[in-house]
Amino acid sequence: MSTITFDIETLPSDDSGIIADIAAGIKPPGNLKKAETIEAWERDEKPAAVLEAVRKTGLDGTYGRICCIGFAVDDEPVECSFGNEEDVLRNFFRWLNGAARISDYTDRQSAIFVGHNVLSFDLRFLWQRCVVNGIRPPAIIPFNAKPWDGKVFDTMTAWNPARERSISLDKLCRALGVPSSKGDLDGSKVAEYWQAGRHQEVAAYCMADVEAVRQCHRKMVFA
């Protein structure tokens, strides 16, 4: 059985139509009644509200997009694909077919997918972006995996399945004595770095996340 450790980095929507729809849906607080106070809110506070709403699309595969996928099979070196979303997806799937030693998109050879918060986020986001881009993913990817079926090892939910007590990858690394992937760059800054053209740094960060998760998984499995 192959072990596939992976991580995705995502960006907010840059589609002008979607952003316009988001902006149109943001209304002033209901307690503002006077025309002048509404006008002041529209001028002074709405732009920030729109920016925040657009930023949050980076957490929703309906509108957000994938800019980088880091991955590794078993103990082999971490690799990544980054850039245009469609290219990133296709490159990852080509690698996956070879790395997991499967012959085509209908082969369901056994593999376990490892990541941090992959059950709730990465796998769902990945599936959504495949649908949006019209790309057929390999059948081996367990998009509908359950925590107990052995197809996915989510280091976050394995540590504590209670969502209100979820642990960040940084804290898990510190608890297990694993070098943390978090430094000047963390997930909250990916969009900022990407917009500034610092794509290689985002890719390096994503790959560091994969290695950190892989080391945490090893300790959790063989503890």
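Before going into details, it helps to say that this report is about the structure given with it. All chains use their own residue numbering, which begins from 1 and follows the written sequence. With the structure being a predicted model, the display of local features is reserved for residues of pLDDT at least 70 and the display and counting of side-chain atom pairs for 80 or more, all residues being used for whole-chain, interface and lining totals. Hydrogens and water molecules were not included; the side-chain quantities draw on all heavy atoms of the structure.

A look at the environment of T10
Only DSSP runs of H or I reaching four residues or more are called helices, and only runs of E reaching two or more are called strands; each is numbered from the N terminus. Positionally, T10 belongs in strand β1 (residues 2-11). The sequence separation of T10 and R94 amounts to 84 residues, and the corresponding C-alpha distance is 20 Å. Not counting residues up to four positions away in its chain, the partners in contact with T10 are G58, R65, I66, C67, F121, F125 and V190. Identification of polar contacts relies on pairs of N or O atoms within 3.5 Å, with a donor-acceptor requirement for protein atoms, meaning one able to donate a hydrogen and the other able to accept it, and with residues adjacent in sequence counted only if both atoms are side-chain atoms. In this structure the side chain of T10 is engaged in a polar contact, spanning 2.6 Å, whose partner is the backbone oxygen of G58. Contacts were defined at the residue level, with two residues in contact if any of their heavy atoms lie within 4.5 Å.

Observations concerning the layout of surface pockets
Using a grid of 1 Å spacing that covers the protein atoms alone, one calls a set of points a cavity when a 1.4 Å probe fits there but cannot get out, and a pocket when the set is open and has protein on both sides within 12 Å along at least five of seven lines; lining residues are those with an atom within 4 Å of a point. Grid points are joined across faces, edges and corners, and a volume is the space filled by probe spheres set on the points. By volume, the largest pocket is sized at about 980 Å³. Secondary-structure elements contributing two or more residues to the lining of the largest pocket are β1, α3 (46-56), α5 (118-133), α7 (169-176), α8 (190-195) and α9 (199-221).

Observations regarding the sheet that holds strand β2 (residues 65-73)
Across a sheet, strands are paired by hydrogen bonds formed along the backbone, either parallel or antiparallel in direction. Across the sheet, which stays open at both edges, the five strands sit in the order β3-β2-β1-β4-β5 with mixed pairing between neighbours. The open sheet has two edge strands with one neighbour each: β3 (79-82) and β5 (152-154). The mean inter-strand angle of the sheet, taken between neighbouring strand axes irrespective of direction, is 25°. Pairing between two strands requires that DSSP report at least two bridges joining them. Two elements, β1 and β2, share eight bridges in a ladder whose sense is antiparallel. All axes are obtained by fitting lines to C-alpha atoms, using only the stretch in contact for helices, and the reported angles, taken between N-to-C directions, cover 0 to 180 degrees.

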